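Architecture at a glance
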Amino acid sequence: AGAVASRTTQPHVRMVAEGSSRGALAIVSSPPPHSASRHDIGSIGSMAELRIGTVDVYVIRPLTEGWRVLVLQRADDTRCPRTWETVHGSIDIGEEPEQAALREVGEETGLKVERLYSITVQPFYLPKSHVVQLGVGFAAFVREPAGVVLGTEHQRHEWLPVDEALGRFHWPRERDGLRDAAKLLAGGDAGGAEDVLRVV
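First things first, this report covers the structure right here in the doc. Treat the numbers as computed from the prediction; the structure is a model and nothing was measured.

If you check helix 2 (residues 97–109), its first and last C-alpha atoms are 18 Å apart, about what 13 residues at 1.5 Å a residue would give, namely 18 Å. Taken together, the buried positions of helix 2 are occupied by Pro 97, Ala 100, Ala 101, Arg 103, Glu 104, Val 105, Glu 108 and Thr 109. At the exit of helix 2 stands Gly 110, carrying a positive phi of roughly 75 degrees.

A few words now on the environment of Tyr 117. Position of Tyr 117 among the secondary structure elements: in strand 7 (residues 113–126). Sequence separation between Tyr 117 and Ala 181 is 64 residues; the distance between their C-alpha atoms is 8.6 Å. Polar contacts involving the side chain of Tyr 117 include one to the side chain of Arg 115, which spans 2.9 Å.

For the rest of this paragraph, the subject is the pattern of salt bridges. The final tally for this structure, using the stated rule, is 16 salt bridges. Across the pair Asp 56 and Arg 173 runs a salt bridge, and its minimum N-O distance is 2.4 Å. Within this pair, whereas Asp 56 is found in strand 3 (residues 49–63), its partner Arg 173 is found in helix 4 (residues 172–184), the two being separated by 117 residues in sequence. Assessed through its relative accessible area of 2%, Asp 56 is described here as buried. Taken together, the shared-partner salt bridges in this structure form one network comprising Asp 92, Glu 95, Arg 103, Glu 104 and Glu 107.

What counts and what doesn't
- Residues numbered from 1 in each chain as written.
- Predicted model: local features only at pLDDT ≥ 70, side-chain atom pairs only at ≥ 80, totals over all residues.
- Heavy atoms only, no water.
- Helix = DSSP H or I, 4+ residues; strand = E, 2+ residues; numbered from the N terminus.
- Expected span 1.5 Å × (residues − 1).
- Buried < 20%, exposed > 50% of the residue type's maximum accessible area, 1.4 Å probe, protein only.
- Polar contact = N/O pair within 3.5 Å; in protein donor to acceptor, adjacent residues only side chain to side chain.
- Salt bridge = Lys/Arg side-chain N within 4 Å of Asp/Glu carboxyl O.

Any functional reading would require information beyond the geometric quantities listed.
Written out as structure tokens, the structure reads:
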């Protein structure tokens, strides 16, 4: 009798373009036919996706007495009410992450960015939508006078020294990103990495 070929048990993987930035892809794992139980399908649904979808922007006033970092308190009628965060937002369709960063700073603070640096990428999971988001982190230096005009998502703002801003942020990933910015840009620019990290 001839040998019978066995079916592979490896998951199928497909790449889905998200359209939010050049080369942004979602990795979608789907099991082979008949491999998932009825319980699995009913309780979870489709498998998680990976998306490049948000930006975090650390807005900084590089004063002679030291940095002042902008922290924003979310309004009572938004998600995560009264928590403190940095500038955060979604990447629109057709935008690059740096374009979204500049737009979000303008919309949420009314400030104009003088210099923008790419700092980090932070992953986080959104269980309701089964999405692992990659948030691209930037540091934005602004000129004086840095008068803030808040958008509708926030109700208060403060300019804090780095250590105080670290203590105010609700999300650990924002604290990690600010630490990276403070280390990479401690001299006021990126030094030998200026040609790699500076965007604007």
